[in-house]
Amino acid sequence: MSTTIVVLYHSSHGSVEAMAHEIAESIEQQGATALLRTFVAKNPHDIVISKDDLVTCDGLAFGTPTRFGMMAAQAKTFWETTSDLWLKGQLIDKPACVFSSSSSMHGGNEATLLNLSLPLLHHGMMLMGVPYDVPELLGTETGGTPYGASHVAGSNNSSTLSKDEIKICQSVGKRLTQVASKLK
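Rules used throughout
Residues numbered from 1 in each chain as written. Predicted model: local features only at pLDDT ≥ 70, side-chain atom pairs only at ≥ 80, totals over all residues. Heavy atoms only, no water. UniProt positions renumbered as here; feature names shortened; annotations may be inferred. Helix = DSSP H or I, 4+ residues; strand = E, 2+ residues; numbered from the N terminus. Patch = residues over 30% accessible without salt bridge, like charges linked within 9 Å, V, L, I, M, F, W, Y side chains within 5 Å. Areas by Shrake-Rupley, 256 points an atom, 1.4 Å probe, with all protein chains shown as cover. Salt bridge = Lys/Arg side-chain N within 4 Å of Asp/Glu carboxyl O. Buried < 20%, exposed > 50% of the residue type's maximum accessible area, 1.4 Å probe, protein only. Pairing = 2+ DSSP bridges. Core = buried A, V, L, I, M, F, W, Y, C linked by side-chain atoms within 4.5 Å. Contact = heavy atoms within 4.5 Å. Polar contact = N/O pair within 3.5 Å; in protein donor to acceptor, adjacent residues only side chain to side chain. Expected span 1.5 Å × (residues − 1).

- In the nomenclature of an unreviewed UniProt entry, the protein chain is known as NAD(P)H dehydrogenase (Quinone) of Pseudoalteromonas haloplanktis.
- The UniProt entry for the protein chain carries the following text under Sequence similarities (unreviewed entry): "Belongs to the WrbA family."

Focus: the UniProt feature "domain: Flavodoxin-like" (unreviewed entry) in the protein chain
In step 1: Under the UniProt annotation, "domain: Flavodoxin-like" (unreviewed entry) lies at residues 5–177.
In step 2: Secondary structure content for residues 5–177 is 39% helix and 18% strand, and the end C-alpha separation is 7 Å.

Regarding a nonpolar patch on the surface
In step 1: On the surface, a nonpolar cluster with roughly 250 Å² of combined accessible area is contributed by Leu 118, Leu 121 and Leu 127.
In step 2: Along the chain, the position of Leu 121 falls in helix 5 (residues 109–122).
In step 3: Judged by its relative accessible area of 47%, Leu 121 is partly exposed.

Quick notes on the pairing of strand 4 (residues 95–102)
In step 1: With 8 of its 8 residues buried, strand 4 lies for the most part within the structure.
In step 2: With 6 bridges joining them, strand 3 (residues 59–65) and strand 4 adopt parallel strand pairing. The residue of strand 4 that forms the bridge with Ala 61 is Cys 97.
In step 3: As defined by bridge partners, strand 4 adjoins strand 5 (residues 126–127) across 2 bridges and the pair is classed as parallel. Pairing of Pro 95 across the sheet is with Met 126, part of strand 5.
In step 4: Of the pairings in the sheet, the one linking strand 4 to strand 6 (residues 149–152) comprises 4 bridges and is parallel in character. Looking across to strand 6, one finds that Ser 100 is bridged to Ser 150.

Some thoughts on the nonpolar core
In step 1: Formed by 25 residues in total, the largest nonpolar core has its most connected members in Val 7, Ile 23, Ile 27, Ala 61, Phe 99 and Ala 149.
In step 2: Counting only elements with at least two residues in this core, the list comes to strand 1 (4–9), helix 1 (15–29), strand 4 and helix 7 (163–183).
In step 3: A total of 6 residues in this core trace back to one element, the largest contributor, which is helix 1.
In step 4: What Val 7 contacts, discounting residues up to four positions off in sequence, is Ala 20, Ile 23, Ala 24, Ile 27, Leu 35, Leu 36, Arg 37, Ala 61 and Phe 99.
In step 5: Within the second largest apolar cluster, 20 residues are counted, among which are Leu 8, Phe 39, Cys 57 and Leu 113.

Points about the side chain of Thr 140
In step 1: The topology assignment puts Thr 140 in the loop between helix 6 (135–139) and strand 6.
In step 2: Since its relative accessible area comes to 18%, Thr 140 is described here as buried.
In step 3: At a separation of 3.1 Å, a polar atom in the side chain of Thr 140 contacts the main-chain amide nitrogen of Thr 142.

Looking at helix 7
Residues spaced three or four apart along an α-helix point in a common direction, a consequence of the helix completing one turn every 3.6 residues.
In step 1: Spanning 21 residues, helix 7 covers 30 Å between terminal C-alpha atoms, matching the ideal 30 Å at 1.5 Å per step.
In step 2: Among all positions of helix 7, only Glu 165, Ile 168, Cys 169, Ser 171, Val 172, Gly 173, Leu 176, Thr 177 and Ala 180 are buried.
In step 3: Looking at the buried side of helix 7, the elements it contacts are strand 1, helix 1, strand 3, strand 4, helix 6 and strand 6.

Concerning the pattern of salt bridges
When the charged atoms of two side chains lie near each other, side chains of opposite charge can form a pair.
In step 1: A complete count under the given rule lists 4 salt bridges for this structure.
In step 2: Linking Arg 37 and Asp 53 is a salt bridge whose minimum nitrogen-to-oxygen distance equals 3.0 Å. You can see Arg 37 sitting in strand 2 (residues 33–38) and its partner Asp 53 sitting in helix 2 (residues 51–56), a full 16 residues away along the chain.
In step 3: Ionic pairing is found between Lys 76 and Glu 80, a salt bridge with its closest N-O pair at 2.2 Å.
In step 4: Judged by its relative accessible area of 45%, Lys 76 is partly exposed.

What follows is the structure, encoded as structure tokens:
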């Protein structure tokens, strides 16, 4: 049976969605199934996350834009409905990672990545960062942190993902899939 990874995201201007697609593509390149899910359907192709998606997946990549160093409200609202999963321990030991985008270099990506991690840790998930054997992490002049993949979109949200940001997203998807597959 194939390893299934949920790539769960909220995107306001397209940057986080672009990151989600890079992560999902990397997951698929590892021979696993990537399920792209959102919190709110904004486009006809969007599929809204269900709690069953989380229960049945083998791993999770979770991302939102930064909102003053915190996750987007749409994500927080969803996680607040998952107490039943928490009480049953249904997400314990699933590997997970986080990703984020901000308008500026110091726009709160690291704080947001840490904030995105909190519900995952409460659920007993195994949080994975970006190790320093990813060479782009040391050389990036845009996004990328040891806490997770990140992107700097620019003040008008027009910046596309840099080569380093793409490589970091791809490394996150690859590592998450490899760990989830080994645990399965």
